[in-house]
4 protein chains.
Amino acid sequence: MTSEDSNNSNISKHKLKTTITKVEPDKIITRGYNQEELIENLSFAEMIYLILRGKLPKKEEGEILNHILVSFCDHGVTPPSTQTARIIASSGSPLNNAVGGGLLSFGYHHAGAIEKVMVLFQNAIKSLYISGDSELDDPQITDKALDIVYAGLSRGQKIPGFGHRYHKRDPRARKLVDLVIDKGHLGPHTKLAISIEHLLIEKKGIYLNVDGINGAILSDLGFNPKFGLGLFMIGRLPGLIAHSYEETMDDEEFRRFCDIDDINYEGFENITFKK
Amino acid sequence: MTSEDSNNSNISKHKLKTTITKVEPDKIITRGYNQEELIENLSFAEMIYLILRGKLPKKEEGEILNHILVSFCDHGVTPPSTQTARIIASSGSPLNNAVGGGLLSFGYHHAGAIEKVMVLFQNAIKSLYISGDSELDDPQITDKALDIVYAGLSRGQKIPGFGHRYHKRDPRARKLVDLVIDKGHLGPHTKLAISIEHLLIEKKGIYLNVDGINGAILSDLGFNPKFGLGLFMIGRLPGLIAHSYEETMDDEEFRRFCDIDDINYEGFENITFKK
Amino acid sequence: MTSEDSNNSNISKHKLKTTITKVEPDKIITRGYNQEELIENLSFAEMIYLILRGKLPKKEEGEILNHILVSFCDHGVTPPSTQTARIIASSGSPLNNAVGGGLLSFGYHHAGAIEKVMVLFQNAIKSLYISGDSELDDPQITDKALDIVYAGLSRGQKIPGFGHRYHKRDPRARKLVDLVIDKGHLGPHTKLAISIEHLLIEKKGIYLNVDGINGAILSDLGFNPKFGLGLFMIGRLPGLIAHSYEETMDDEEFRRFCDIDDINYEGFENITFKK
Amino acid sequence: MTSEDSNNSNISKHKLKTTITKVEPDKIITRGYNQEELIENLSFAEMIYLILRGKLPKKEEGEILNHILVSFCDHGVTPPSTQTARIIASSGSPLNNAVGGGLLSFGYHHAGAIEKVMVLFQNAIKSLYISGDSELDDPQITDKALDIVYAGLSRGQKIPGFGHRYHKRDPRARKLVDLVIDKGHLGPHTKLAISIEHLLIEKKGIYLNVDGINGAILSDLGFNPKFGLGLFMIGRLPGLIAHSYEETMDDEEFRRFCDIDDINYEGFENITFKK
């Protein structure tokens, strides 16, 4: 691969294959449905399910995805994505720069957990099916939970989706567990998450966080882990827009995470210049 | 202003004022409401209204905002934001780069119309209130529509929100007009949009487009024009994610809008190098 | 214009015209020159001049552009672009996200001054040529400087390119003035900048800043104002990379411009939820 | 880790430690040197070396870095970063959006090779030192080259830095080899690259590409692989700016990599909507 690596791969090809939206004069068909019908009949959460999955959700699936999206809405001014959006907004750049810049800060330390959770839980549950037992019973899941917790503890590794630096017990996670139980939608991945939580509470006083429970529920809904970050971004975008707007309503000055008088300079013993 | 203009404005200040979300141990309050209550009770469209406006919508306001968000979902592979997202995705960059990059292409020629529409319609309707007549009747709005259309035609200017390069009659606009009428939510800005459309059909065969009708309905819902682009981005983000994902599922090669054999070189008569 | 405005404009057209670089098997020609010759013979500053202007600079023009680029290198951690890059880097995102995000914060309040300066000075000097006097003499420029200063003072407007919130006398500006004088490259735009500075020192104790002098020198070099921001970005990118790298070498934690205990919450008297 | 993972890590800390630039009233010190001295005395390539490495380069080191930066300048319109920049520029977004967006497309398939090359070569050469032989002689390097080539061939893996999809023999690589030899700057990493090239030419007719040779030379200059992408971005930014500017000088229409008539729709047999 080189930095221009695009030069002649299949040079004459322009054709692009898509299954998402077909545009014809006065007609727009998305995932096989006429957009007029979608505009009239779908909730925004159902529309998101349809465009990402290529099929309509069942009514309860749409409701559960709606709860998940709302749970991602905002966590105040301190996450890096929110700080980034506010700083860019404060510099006088357009709104799409502020929120686009905010999305760029989703990295290894921020918003990466959902996908990790989904991979961990889906591999664990798949291994149970592989073991020939399609009818899932709790003992099997409890055993798997034990394996995961002991593997983590023995290696001294954090298990993604559990524990929150600021909250002892993430209030969003608790509420989401209650909602899937009330709606009779407790799937194997969520059962696994709850079993792991029981063990971690007992051993370390650590609880499920919003990413852990949402990664489990999204797995029960059948989402590919690659959509974990995407769904988080959809849920968080309105919050980033609200913060960017609030910032522009603020006084002229720039935001800064650090002022002149907060800086420790190192290695500035004065060197005299000679070439 | 200089390029470092941030240096000492109010140096010692770190305090940030926010009205959006308050975070306390095991408690997250957004716009005054406990997030557990929001997760349980709000549709995603209502959550978006709450976080942007700072108050809960009426039931019908949430439903109308939901129709608007769905109507923005996707318009196929050709818009610049979608092309940008697909090219970045095809280069092997993470999903947040692809969609973040896509948002950067909302500029003067792309997605800028909604805000222009909202400013035009809100100024027009405000001038009627200002004229002392708070009880809006159609004649007043029809006159205003005539002013706008004649001002536009006389200057040979396009009126933002009308006409679509690809669709003769944008199917989304027609559906949204029907929905607000059915729900008895025809406000003054939408009445104005419809009056302008009547004149433009007659004179030029031009119809309302999705930005024109949504700018009108969002104005009737009381949104500041500055949220026009934000709401479009919220509605379109799921589509950008679907396209980025579809691209990564595709063969290895890069997307290109142009291949070696599509390029016309100019000014390449060989110059011999001398310094 | 609509948000999808790209659909059928000139549908069948793929051809792209370019005058920048022609790629042939084992041969790359940029602005008419074989890249092997450019690699061997040009300074990076001369290469930048060539690719932006389409022609080689004179030796002294390349040297002056080199001074300008070095003068943009860095201004510490407080500019919004640097804060943005460091926050994104601290989130574990890749280096190109950090610096790409940093560039997004060049807006009205940050790095916008250079282009404004170039427009102001180029219009002023053009008006002198227009006045039929191609042989520029100082009295003419001094009169123009007086016009600009009095216009600014009478409207209470800042004149772009003068004054720095942190520095009384921007050390970079002083050095750049000395260098163009020493090299006998004092052109009409720089003469104008210096005349304006004399008046502003006298009346308000305000001096040229780095953007003001560079906007003037770039105008004397014949650059279009549209390249003002571009040249600033080229000069500043190495600094953004150095800061992003320093950030990743730092402890794990996120940067924040604001901590939980810095926040003033407003409007959080507890509202009880009812729908 | 959670998506808000930033909340209370070290809450009260604002202090930031930096070794890059110290700002005082009327004084700016970068890497220990007064910026006035740097503006007067350094080439832009030397400035880049200083700010990234924290020390001044030797004269020849600055010259070699200059050749490398020029060699990255541009490769025409087809690389994803250039396509992205041109599409965003064509949408009417500001220049910083176009080039910032372009940087976001540096991913696994694009511009990732330089760092891979630097890691491969630096590990290989380090292992020779480790083997106790600090005095490097060619036989040792030739053996290491054989190991790398056979390891690659046996696993059927491409060796990063060799081969170009468009060029049989990348003209930039050949020129850079000649220049380091002429200047007597052939270091162990470049010797290794050349030894590998000899073997690959013989076995597969594959030559060094621009990333391979630059990764080797940068390693001989002592750069950390983490700067590989950064130096490529610095070298390529002027090209991205030139392309973005050329695009805005072009006709109004959007760029597209794909038109309506290039699209193959799949799965659009008309489904009738029922919920």
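What you see is a predicted model, and the numbers here were worked out from it, not measured in a lab. (Residues numbered from 1 in each chain as written. Chains lettered and ligands numbered in written order. Predicted model: local features only at pLDDT ≥ 70, side-chain atom pairs only at ≥ 80, totals over all residues. Heavy atoms only, no water.)

Q: Is there a simple way to think about the overall build of chain A in this case?
A: Of the regular secondary structure elements, chain A holds 11 helices and 5 strands. Expressed as a percentage of the 275 residues in chain A, the buried residues total 64%. The contacts of chain A with a sequence gap of at least 6 include a subset with a gap of at least 24, amounting to 71%. (Helix = DSSP H or I, 4+ residues; strand = E, 2+ residues; numbered from the N terminus. Buried < 20%, exposed > 50% of the residue type's maximum accessible area, 1.4 Å probe, protein only. Contact = heavy atoms within 4.5 Å.)

Q: What is the right way to look at the environment of Pro79(C) in this model?
A: Residue position: Pro79(C) is located in the loop between helix H3 (59–71) and helix H4 (80–90). Linking Pro79(C) and Ile201(C), residues 122 residues apart in sequence, is a C-alpha distance of 26 Å.

Q: Please explain the pairing of strand E3 (residues 27–30) of chain B as it appears in this structure.
A: If a strand is regular, its side chains alternate between the two faces of the sheet. All names here are of chain B. Here strand E2 (residues 21–24) runs beside E3; their pairing, made up of 4 bridges, is antiparallel. When the sheet's bridge partners are listed, Lys 22 is paired in E3 with Ile 29. Between the antiparallel neighbours E2 and E3 lie 2 residues, among them Asp 26 with a positive phi of about 60 degrees. Summarising the sheet, E3 and strand E4 (residues 33–34) pair through 2 bridges and their orientation is antiparallel. Its bridge partner being in E4, Ile 29 is matched across the sheet by Asn 34. Linkage of E3 to E4, two consecutive antiparallel strands, is achieved through a turn of 2 residues, within which Arg 31 is found at a positive phi near 50 degrees. (Pairing = 2+ DSSP bridges.)

Q: Mind showing me how you'd approach the packing of aromatic side chains here?
A: By convention here, two paired aromatic rings are described through the distance between centres and the angle between planes. Tallying each qualifying case throughout the model produces 22 aromatic pairs over all chains. Between Phe223(B) and Phe227(B) the ring centres are 6.3 Å apart and the planes differ by 85 degrees, which places this aromatic pair in the edge-to-face class. Comparing Phe223(B) with Phe227(B) shows no difference in burial state: the two are buried. Seen from their ring centres, Tyr245(C) and Phe227(D) are 4.4 Å apart, and the 40 degrees between their planes marks the pair as tilted. Pair noted here: Tyr245(C) is in helix H11 (residues 228–248) and Phe227(D) is in the loop between helix H10 (210–220) and helix H11 (228–248), and the two residues belong to different chains. The class for Phe227(D) is buried, based on a relative accessible area of 4%. Grouped by ring-pair contacts, the aromatic residues Tyr49(A), Phe223(A), Phe227(A) and Tyr245(B) constitute a single cluster. In this structure, Arg53(B) is placed above the aromatic ring of Phe223(B), and the distance from its NZ or CZ to the ring centre is 4.7 Å. (Phe/Tyr/Trp six-rings, centres within 6.5 Å; stacked < 30°, edge-to-face > 60°. Lys NZ or Arg CZ within 6 Å of the ring centre and 35° of its normal.)

Q: Would you explain the pattern of salt bridges in this entry?
A: Note on pairing: side chains with opposite charge can pair once their charged atoms come close. In this structure the tally under the stated criterion is 42 salt bridges over all chains. Ionic pairing is found between Asp170(D) and Arg172(D), a salt bridge with its closest N-O pair at 2.9 Å. On the basis of relative accessibility, which here comes to 2%, the residue Asp170(D) falls in the buried class. Members of the salt-bridge network, linked through shared partners, are Lys59(A), Glu63(A) and Lys183(A). (Salt bridge = Lys/Arg side-chain N within 4 Å of Asp/Glu carboxyl O.)

Q: Teacher, can you tell me more about the side chain of His189(A) here?
A: Residue and element names in this part refer to chain A. Looking at where His 189 falls in the secondary structure, it is placed in helix H9 (residues 188–204). Taking the relative accessible area as the measure of exposure, His 189 reaches 10% and is therefore buried. With sequence-adjacent residues up to four places away left out, His 189 is seen in contact with Phe 121, Gln 122, Ile 125, Ala 216, Ser 219 and Asp 220.

Q: Teacher, can you tell me more about the packing of helix H5 (residues 95–103) of chain C against H11(C) here?
A: Residues and elements named next belong to chain C. Packing of H5 against H11 leaves a shortest axis separation of 10 Å and a crossing angle of 135 degrees. Considering the angle they form, H5 stands oblique to H11. Like other packed secondary-structure pairs, H5 and H11 cross with a definite hand, here right-handed. Facing H5, whose interface residues are Leu 95, Ala 98, Val 99 and Leu 103, H11 presents Met 233, Leu 237, Leu 240, Ile 241 and Ser 244. Residues that form the contact of H5 with H11 fall into these classes: 8 nonpolar, 1 polar and no charged. (Axes fitted to C-alpha atoms, helices over the stretch in contact; angles between N-to-C directions. Parallel < 35°, antiparallel > 145°, perpendicular 65-115°, else oblique. Left-handed = near helix turned anticlockwise from the far one by under 90°. Nonpolar A, V, L, I, M, F, W, Y, C, P; charged D, E, K, R; others polar.)

Q: Help me out: how do you make sense of the confidence of the model for chain A in this one?
A: Predicted coordinates in regions of low pLDDT should not be interpreted in detail. Residue and element names in this part refer to chain A. Mean pLDDT for chain A: 88, with 85% of residues reaching 70 or above. Note that residues 5–13 has pLDDT below 50 and, in this model, 28 contacts with residues that lie over four places away or in other chains. Among the prediction metrics, the complex's ipTM stands at 0.91, with pTM recorded as 0.91. (pLDDT = per-residue confidence, 0-100.)

Q: So what exactly am I meant to see when it comes to the environment of Asn123(C) here?
A: Residue and element names in this part refer to chain C. Here Asn 123 is to be found in helix H6 (residues 113–130). Residue classification places Asn 123 among the partly exposed residues on the basis of a relative accessible area of 44%. Along the chain, Asn 123 and His 189 lie 66 residues apart, while their C-alpha atoms are 10.0 Å from each other.

Q: Help me out: how do you make sense of a negative patch on the surface in this one?
A: A surface patch of negative charge is lined by Asp137(A), Asp138(A), Asp143(A) and Asp147(A). When you line up the elements, Asp147(A) lands in helix H7 (residues 138–154). (Patch = residues over 30% accessible without salt bridge, like charges linked within 9 Å, V, L, I, M, F, W, Y side chains within 5 Å. Areas by Shrake-Rupley, 256 points an atom, 1.4 Å probe, with all protein chains shown as cover. Lys, Arg positive; Asp, Glu negative; His and termini not counted. Charge placed at Lys NZ, Arg CZ, Asp CG, Glu CD.)

Q: Would you take a moment to explain the side chain of Ser90(A) for this structure?
A: Residues and elements named next belong to chain A. Along the chain, Ser 90 falls in helix H4 (residues 80–90). Owing to a relative accessible area of 5%, Ser 90 belongs among the buried residues under this scheme. Separated by 2.7 Å, the side chain of Ser 90 and the backbone oxygen of Ile 87 make a polar contact. (Polar contact = N/O pair within 3.5 Å; in protein donor to acceptor, adjacent residues only side chain to side chain.)

Q: Whenever I open this one, the sheet that holds E3(B) confuses me. Can you help?
A: Overall, antiparallel pairing links the 3 strands, which are arranged E2-E3-E4 (chain B) in an open sheet. Each of the sheet's edge strands pairs with one partner strand only, and the pair in question is E2 and E4 of chain B.

Q: Is there a simple way to explain the nonpolar core in this structure?
A: Where a protein is soluble and globular, its nonpolar side chains tend to be buried together. Residues Leu52(C), Phe223(C), Leu231(C), Leu52(D), Phe223(D) and Leu231(D) are the most contacted members of the largest nonpolar core, which totals 138 residues. Counting residues in each nonpolar core, the second largest holds 136 residues, with Leu231(A), Tyr49(B), Ala145(B) and Ala193(B) among its members. (Core = buried A, V, L, I, M, F, W, Y, C linked by side-chain atoms within 4.5 Å.)

Q: Could you clarify how one ought to interpret the environment of Arg169(A) in this entry?
A: Inspection of the secondary structure assignment puts Arg169(A) in the loop between H7 and helix H8 (171–182). When the C-alpha positions of Arg169(A) and Leu208(A) are compared, they lie 7.4 Å apart, and in sequence the two are 39 residues distant. When neighbours within four sequence positions are excluded, Arg169(A) is seen to be in contact with Arg174(A), Tyr207(A) and Asp26(B).

Q: I tried to follow the sheet that holds strand E3 (residues 27–30) of chain D on my own but got confused; where do I start?
A: As a general point, the strands of a sheet are linked pairwise by backbone hydrogen bonds and lie either parallel or antiparallel. Taken together, the 3 strands give an open sheet; going across it, the order is E2-E3-E4 (chain D), and neighbouring strands pair in antiparallel fashion. Of all the strands in the sheet, the pair left with one neighbour each is strand E2 (21–24) and strand E4 (33–34) of chain D.

Q: I'm lost on H8(A) in this one. Help?
A: Each α-helix turn comprises 3.6 residues. Residues three or four places apart therefore point the same way. Along its 12 residues, H8(A) runs 17 Å from first to last C-alpha, staying within 8% of the 16 Å computed at 1.5 Å per residue. The set of residues buried in H8(A) consists of Pro171(A), Arg172(A), Ala173(A), Lys175(A), Leu176(A), Val177(A), Leu179(A) and Val180(A). Structurally, H8(A) contributes buried residues whose contacts are with helix H3 (59–71), H9 and helix H10 (210–220) of chain A together with E3 and helix H1 (35–41) of chain B. Phi turns positive, to about 60 degrees, at Gly184(A), one or two residues after H8(A). (Expected span 1.5 Å × (residues − 1).)

Q: For this particular structure, what's the right way to read H9(A)?
A: Residues and elements named next belong to chain A. Taking 1.5 Å per residue, 17 residues should reach 24 Å; H9 reaches 24 Å between its end C-alpha atoms and fits that length. Restricting attention to buried positions, one finds in H9 the residues Pro 188, His 189, Thr 190, Leu 192, Ala 193, Ile 194, Ser 195, Ile 196, Glu 197, Leu 199 and Leu 200. The positive-phi residue at the C-terminal boundary of H9 is Gly 205, with phi of around 65 degrees.

Q: For this particular structure, what's the right way to read the packing of helix H4 (residues 80–90) of chain B against helix H4 (residues 80–90) of chain D?
A: Pairs of packed helices are described in terms of their axes, by the angle between the two and the distance that separates them. Two elements in contact, H4(B) and H4(D), have axes whose closest approach is 10 Å; the angle formed by their N-to-C orientations is 165 degrees. Taken together, the axes of H4(B) and H4(D) are roughly antiparallel relative to one another. For the pair H4(B) and H4(D), the crossing hand works out as left-handed. Between H4(B) and H4(D), the residues in contact are Pro80(B), Gln83(B), Thr84(B), Ile87(B) and Ile88(B) and Pro80(D), Gln83(D), Thr84(D), Ile87(D) and Ile88(D), respectively. Of the residues contributing to the contact of H4(B) with H4(D), the split by class is 6 nonpolar, 4 polar and no charged.

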